[in-house]
Amino acid sequence: MNYVALKMLFGDRAKYLMLLCGLTFAVMLIVQQGSIFWGLMMWSQANISNLNVPIWVTDPGIAQVDEVKPIASTGVDRVRSVDGVEWAVPLYKGLLRARLADGDYHQITLTGLESATLIGRPAQILEGRFEDILQPDAVVLDQWAVERMGGPAVVKVGTIFELNDKLARVVAIAKTQKSFTNIPVVYTTYERAMRYVPRERRTLSYVLAKAKDGVRVEDVVQRIRTQTGLGAFTEEEFGWKTIMWVLKNTGIGINFGTTILLGFIVGMAIAGQTFYLFTVENLRQFGALKAMGASTFTLARMILLQAFTVGLTGYGVGIGLATVFGFLTASGGNLPFAETWQLLLMVLVALLAICTFSALISIIKLARLEPAIVFR
Amino acid sequence: MIIAKRLSIWIALLGVGFTIWALLGANKKDPMPTPISEPPRSPYDHVVAASGIIEAVNENVRIAPPVAGLITKMFVKVGDQVTTQAPLFQLDDRELRAQLLTREAAIPPLQAQIDEQNYKIGDLETQLHRLQSVHDERAVSEDDLKRTWYALEMAKRGGQRLQASLKQAMAQRDEAAILLNRLTVRAPRSGTILQINVRAGEYATLGPSEPLMLLGETGQLQVRADIDEVNAPLVTPQAGGTASIKSLADRKIPLTFVRIEPYVIPKKSLTGENTERVDTRVLQVIYRFERPSFPVYAGQQVDVFIERQPSRTTGETPSSPVTPTERPL
């Protein structure tokens, strides 16, 4: 009977292709939209993930990573004093203006890394050596800074510009994830960042820390909070905090959310409708089978098999196409695209549910079917 | 099987395979790049961390001039070992030397006057002696005798006055000499010249913000650790500790407790800011250490880890850590 069911499904090539196309594009639409949305969210926390350290400590009132609220510089020692902290280093982060030789101004994010360890530096360097940051007046740009400041023709290794009227010399260019605001990032050492920025009473933006091996990061974070009264977050927590802030305070959440929801509804409606039409058109054949003595249960099994076969095939092709799209467009890092298994699983469950649902409607119709319809 | 004959199934399988491959590739998080040097790590389970500075055991002496004046000569250079009372630099002394000359010149005339007076006294003494030896009242009148006696006594008092004047003149000369001597600034104790901020020909003012010269003993160094006042109650006396200089964090220097400074002071930024800023108050703890195999210098910053007892459970009042032995009864 299974053979007959599949033969029915594949037999009419045009009908099958139409059905498959509907499902494929529905899946592709949802996966692609969802991935772009999630990619955008990843961009919003790029300033956290680019530093790649497990624990962030700062003022407890912090809303998101780019809204810096400096703490007293003894914060580093206070975090180091907490049990289970393996190391803690200072980080400066703040907005500053860079003036290029041609007179152009650019807003930049100055990131000051602790000079002895350079913890928080990007893993990949496109040009130059990151360690050269220890030279006098040296700074490192990220690739987006080069792009924003006028491209490789204007800014390259060796370029000199002004930061708050003080000299800065580019010694390397690092590869980082693009951030949502896309403000160029200028790396320097913590001590030198103090020289660049205007005088403030408190200058320590963040304390970056790591838990000792064998100690749970969450425990250490909790201990830092109670012992120092500072706000401590794991990398994920801080990332989520930033994402939630973006969703709440910008229009992206509503706008993108409705788009994705619409995509989802439209996709699922197409899938359900196409499959339903397919079974309705095959009603005559099912009626013939019924007249030949096939039970309703057998027929239901056949319809479900058809539904799952075409559903899974459409799903496979759909996610494949979406991934190819993401692979081709987002590999340069210029388009936000982050596919996650959670999204794929959700789409799979939803697709199978909608297929089952439309199959059920057909089955009900089939159950009520008079076999005599065939002979009419 | 009928399924295997359909191209669409193969495309679907290919799509799933490619997606899994892409997901595995994309979601792989790069490990954190290894720090270029080891970050300072605590060797103990429970610690109080502090930032410290290496200094000479006897606190550095900021050499000051006794009076403001022009510096004419430097006797030492940076790095010189000096002993107690060794001359460091010379202030302009021409004025006092000129004064000394006139004061010295005032002494010989006085001495001559004293000599003169002595002869006068001798003469009068001889006269009186002669008059007294004559017993005939008709030859020597009572009046003559008395007059000579008075003249002698007056001459003697005159001599005493001249002696006093001489003493005064000599004291005045000594005063100038002592003042002159004061213009040579000497080392108050033996040590090494750590810093010289003046040169010959410059004017030494009183109470400058920058010391003219910094004298310290670098043979033995100590660490002054700054602990945030919030963490101050966690510090126990005699607690062990380690220090590490920046960029050599894996080479620990063992520390021996010396004392806790009893007064909590505003923090001077030792963490590299361009100007020193006060943002919090810190408790300072002094630690001694043996010189490690690698060079360390006075004035260098260190990361300090002080061993701490696990959080106190008993509610008893702890004894004052500052003066554990000298508590008022």
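Residues numbered from 1 in each chain as written. Chains lettered and ligands numbered in written order. Predicted model: local features only at pLDDT ≥ 70, side-chain atom pairs only at ≥ 80, totals over all residues.

Q: Explain the overall build of chain B here, please?
A: Along the backbone of chain B there are four helices and 15 strands. Every one of the 329 residues in chain B was classed for burial, and the buried ones make up 22%. Contacts in chain B between residues at least 24 apart in sequence constitute 79% of all its contacts with a sequence separation of at least 6. (Helix = DSSP H or I, 4+ residues; strand = E, 2+ residues; numbered from the N terminus. Buried ≥ 20, exposed ≤ 12 C-beta atoms within 10 Å, placed from the backbone. Contact = placed C-beta atoms within 7 Å.)

Q: I'm lost on the environment of A:Phe25 in this one. Help?
A: Looking at the secondary structure, you find A:Phe25 in helix α2 (residues 13-44). Residues A:Phe25 and A:Ala322, spaced 297 residues apart in sequence, show a C-alpha to C-alpha distance of 9.2 Å.

Q: Even after reading the chapter, I still don't get the interface of chain A and chain B, so can you show me in this structure?
A: Reports often express the size of an interface as the amount of accessible area lost when the parts come together. Contacts between the two partners involve 43 residues from chain A, matched on the other side by 49 residues from chain B. Of all the secondary-structure elements, those providing two or more residues to the side of chain A that touches chain B are α1 (2-11), α4 (75-80), β2 (85-99), α6 (190-196), α11 (296-330) and α12 (341-367) of chain A. Sorting elements by how many residues they give to the side of chain A that touches chain B places α11(A) first, with nine residues. Here the residues of the side of chain A that touches chain B are counted per class, giving 20 nonpolar, ten polar and 13 charged. (Nonpolar A, V, L, I, M, F, W, Y, C, P; charged D, E, K, R; others polar.)

Q: Can you walk me through the sheet that holds strand β8 (residues 203-204) of chain B in this structure?
A: The strands making up a sheet associate through backbone hydrogen bonding, with each pair oriented either parallel or antiparallel. All names here are of chain B. The sheet built from four strands is open, its strands ordered β6-β5-β3-β8 with antiparallel pairing. Strands at the two margins of the open sheet, each flanked by one partner only, are β6 (184-186) and β8. Bridge count for strand β3 (residues 69-74) against strand β5 (residues 87-91) is three bridges, and the pairing is antiparallel. Bridge assignment links lysine 73 to a residue of β5, and that residue is glutamine 90. (Pairing = 2+ DSSP bridges.)

Q: What is the right way to read the domain arrangement of chain A from this model?
A: When its domains are assigned, chain A resolves into domain 1 (2-43 + 251-375) and domain 2 (72-229). Taking only C-alpha atoms into account, the centre of domain 1 of chain A sits 48 Å from that of domain 2 of chain A. (Domains from an automatic or database assignment.)

Q: Looking at this model, I keep getting lost on the pairing of strand β1 (residues 47-56) of chain B. Mind explaining?
A: Side-chain direction in a regular strand flips from residue to residue, so the side chains alternate between the two faces of the sheet. All names here are of chain B. The element β1 is extensively covered by neighbouring structure, given that eight of its ten residues are classed as buried. Here seven bridges tie β1 to strand β15 (residues 301-307), and the two strands are oriented antiparallel to one another. Considered in β15, the bridge of alanine 50 is made with valine 304. Pairing between β1 and strand β10 (residues 221-228): six bridges, direction antiparallel. Within the sheet, the bridge partner assigned to glutamate 55 lies in β10 and is glutamine 222.

Q: Just to check I follow, could you spell out the packing of helix α9 (residues 252-281) of chain A against α12(A) for this structure?
A: Any two packed helices are characterised by how steeply their axes cross, that is the angle between the axes, and by the distance between the axes. Residues and elements named next belong to chain A. Across the interface, α9 lies against α12 with an axial gap of 9 Å and an inter-helix angle of 35 degrees. The element α9 and its partner α12 pack so that their crossing is right-handed. Touching Met268, Ala271, Gly272, Phe275, Tyr276, Thr279 and Val280 of α9 are Ala350, Leu351, Ile354, Cys355, Phe357, Ser358, Ile361 and Ser362, all from α12. Taken together, the residues that form the contact of α9 with α12 break down as eleven nonpolar, four polar and no charged. (Axes fitted to C-alpha atoms, helices over the stretch in contact; angles between N-to-C directions. Left-handed = near helix turned anticlockwise from the far one by under 90°.)

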